[in-house]
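# Architecture and fold: a report
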Amino acid sequence: MPILGITVTVGGEQRLAARPPQLPLADVESRDLEPGRPVRLLDAKGKLLATGAADPENELIRVWSHGDDARTPDAAFMRGRLRAALSLRQTLGLADGESAYRLVNGEGDGLSGLSADVYGPFAVVNAWSRGLLGHARLLAQCALEMLPAEGLPLRGAVLKARLKGSGNTPERAKDDVVGEPPPDKLIVREHGVPFEVHLRGGINVGLFTDMREHRAGLARFVRGKRVLNTFAYTGALSVAAVRAGAALVTSVDLAAGPLAWARANFALSGLDAGPHRWEVSDVFRFLEAERERRTTHDVIILDPPTVSDARAALWAQKRDYPDLIAAACAVLPEEGGHLWISSNTHSGPAVLKHVSAGLALARRDAKVLELGGLPPDYPTPLNWPAARYLEVCQVRVGASWPG
């Protein structure tokens, strides 16, 4: 697809001066742009300011290079971006041919609208709209050339287009394959720990690589403790807790399928799933039942989805998180316990606002032990805080307020 020169507005010129990775479509004079079309962004005198790709589905221009560095987004450009991204992951010790990690993180690697995750000898390349799929395919093809040349056995890549949801409906995905198709079930490693992933058929593959360091850090809080993992999904945090010496782990998820997958992950680590609790339930209903049974947990993990239409009353993190935190506090010991809380700040306030509101509802004192975010294979531009979407908070909850 040939590159198209388009003029930006005066406001667009001012925004481009800060070298952002995105520009609103309203900041260009040509609005009827073909999805994925490579574009040159020009000032009123025709001077080249930046290059990128049109993404009208998200009402954006994806800006991939600026000023004197502005280059046509062709195969040579993509190889250059990928080479720099791979070098960082090699420095981090993640590119070893069997581990799971993020190879390209959108804005942080100069490719807004695209991401690539490696799972051992296969990859998943995401395009954040249908129109960017051609660029995702080119990125996958470059990865299939470059990684084997570096001694990394990449054999195939799954392409996924993340299709926008509406209201409380999550994003959907459609996928295609470049190179060799992955097996239905693939075993990858994280800090040497094996996990089963399914790379085709949906956005989520069974292991969130952005949580890697938080899974490792869980060990500091769970030894000898009773741990409740809500929204357990495929049980990666449950595995981490048991491997770290938790006395009892209760894993709760609304669907039986992910919990069966979690049991498979236990088996991969040589862990006996039998002594632990596995509950197919809505989390709010489970917490209420535990409160009525007067059952308590020393450590409670809250890692909910951003939105879900699975409950009778629709879940939305922005609206419902304080109530969830308060409900969790009701099944902590009276003398206090530990909350592990994650939040996607794209879809709501910072995690500490949720925590403050939830603890006020619960009438409990608390201390923040740690506040963390994305791991180093998820770099983000200094001038683009919106890319830093993940927050994970460790909270020590004290006794109830008197009265």
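## Quick look at the overall build of the protein
Helix and strand counts for the protein stand at 10 helices and 21 strands. Taken over the C-alpha trace, the protein has a radius of gyration of 23 Å; the compact-globule value for 403 residues is 22 Å, and the two agree within 12%. Relative to its full complement of 403 residues, the protein shows a buried share of 53%. Across the protein, every contact between residues at least 6 apart in sequence was considered, and the portion connecting residues at least 24 apart equals 61%.

## Some thoughts on the sheet that holds strand β1 (residues 4-7)
Across the sheet, which stays open at both edges, the five strands sit in the order β1-β3-β4-β5-β2 with mixed pairing between neighbours. The strands lining the two open edges of the sheet, one partner per strand, are β1 and β2 (22-24). On average, each strand axis in the sheet is inclined to that of its neighbour by 40 degrees, with strand direction left out of account. Relative to strand β5 (residues 60-66), strand β4 (residues 48-55) runs antiparallel, the two being bridged by six bridges. Bridge pairing in β5 links D55 to L60.

## Focus on the nonpolar core
Counting residues in hydrophobic clusters, the biggest one holds 41 residues, and the most contacted among them are Y119, V197, L199, L218, V222 and V227. Listed by contribution, the elements that provide at least two residues to this core are β8 (122-127), β11 (186-190), β12 (193-197), α5 (219-222), α6 (236-243), α7 (256-268), β16 (299-302) and β21 (390-400). Once residues lying within four places of it in the same chain are set aside, the contact partners of V222 are V227, A241, A244, G245, A246 and V299. By size, the runner-up hydrophobic cluster in this structure holds 34 residues, among which are W64, Y101, L139 and M146.

## Structural notes on the sheet that holds strand β14 (residues 248-253)
The strands that make up a sheet pair up through hydrogen bonds in the backbone, lying either parallel or antiparallel. Pairing within the open sheet is mixed, and its seven strands lie in the order β15-β14-β13-β16-β19-β21-β20. The sheet is open, and its two edges are formed by β15 (277-280) and β20 (364-372), each paired on a single side. Taking the axes of each pair of neighbouring strands and ignoring which way they run, one obtains an average angle of 15 degrees across the sheet. Pairing analysis gives four bridges linking strand β13 (residues 226-230) to β14, with the strands arranged parallel.

## Quick look at the state of the cysteines
Two cysteines form a disulfide when their sulfur atoms are joined by a covalent bond. This model, assessed by the stated rule, comprises zero disulfides. Here C393 stays unpaired: no disulfide links it, and the sulfur of C329, its closest cysteine neighbor, is 12 Å away.

## Thoughts on α6
The buried fraction of α6 is high, at seven of eight residues. Along α6, the residues that are buried comprise A236, L237, S238, V239, A240, A241 and V242. With its phi angle positive at about 100 degrees, G245 sits one or two positions after the end of α6.

## Focus: the packing of helix α2 (residues 75-91) against helix α3 (residues 133-149)
Remark: α2 packs on α3, axes separated minimally by 9 Å, with the N-to-C direction vectors making an angle of 60 degrees. The angle between α2 and α3 falls in the class oblique. Handedness of the crossing formed by α2 with α3: right-handed. Contact residues: α2 offers A75, M78, R79, L82, R83 and L86, while α3 offers H135, L138, L139, C142, A143, E145, M146 and L147. Looking at the contact of α2 with α3, its residues break down into 10 nonpolar, one polar and three charged.

## Some details on the layout of surface pockets
Rolled over the atoms, a probe with the dimensions of a water molecule shows which regions are left empty. One number sums up the size of the second largest pocket: a volume of about 220 Å³. Taken together, 18 residues form the lining of the second largest pocket, with R81, E107, G108, D109 and G110 sitting closest to its centre. Listing elements by their share of the lining of the second largest pocket, those giving two or more residues are β5 and α2. Per-element accounting of the lining of the second largest pocket gives the leading share, six residues, to α2. Here the lining of the second largest pocket is composed, by residue class, of eight nonpolar, five polar and five charged.

## Quick look at the pairing of β12
Of all the five residues making up β12, five are buried; the element is thus mostly covered by neighbouring parts of the structure. Neither face of β12 is open: one carries V193, F195 and V197, the other P194 and E196, and all of them are buried. In the sheet, β11 pairs with β12 via five bridges, with the strands oriented antiparallel. Across the sheet, R189 pairs through a bridge with P194, a residue of β12. Linking β11 back to β12 in an antiparallel pair, the connection comprises two residues, with H191 at a positive phi of about 50 degrees.

## A word on unusual backbone geometry
A positive phi angle is found at H191, which is not glycine, with a value near 50 degrees. Considering the arrangement of structural elements, one finds H191 in the loop between β11 and β12. Of the residues examined, H191 reaches a relative accessible area of 54% and is grouped as exposed. Unusually for a residue other than glycine, R363 sits at a positive phi of about 55 degrees. As for its placement among the helices and strands, R363 is situated in the loop between α10 (351-362) and β20.

Reading guide: rules and limits
- Residues numbered from 1 in each chain as written.
- Predicted model: local features only at pLDDT ≥ 70, side-chain atom pairs only at ≥ 80, totals over all residues.
- Heavy atoms only, no water.
- Helix = DSSP H or I, 4+ residues; strand = E, 2+ residues; numbered from the N terminus.
- Rg over C-alpha atoms; globule rule 2.2 N^0.38 Å.
- Buried < 20%, exposed > 50% of the residue type's maximum accessible area, 1.4 Å probe, protein only.
- Contact = heavy atoms within 4.5 Å.
- Pairing = 2+ DSSP bridges.
- Axes fitted to C-alpha atoms, helices over the stretch in contact; angles between N-to-C directions.
- Core = buried A, V, L, I, M, F, W, Y, C linked by side-chain atoms within 4.5 Å.
- Disulfide = S-S within 2.5 Å.
- Parallel < 35°, antiparallel > 145°, perpendicular 65-115°, else oblique.
- Left-handed = near helix turned anticlockwise from the far one by under 90°.
- Nonpolar A, V, L, I, M, F, W, Y, C, P; charged D, E, K, R; others polar.
- 1 Å grid on protein atoms, 1.4 Å probe; cavity = no way out; pocket = protein on both sides within 12 Å on 5 of 7 lines; lining within 4 Å.
- Points joined across faces, edges and corners; volume = space filled by probe spheres on them.

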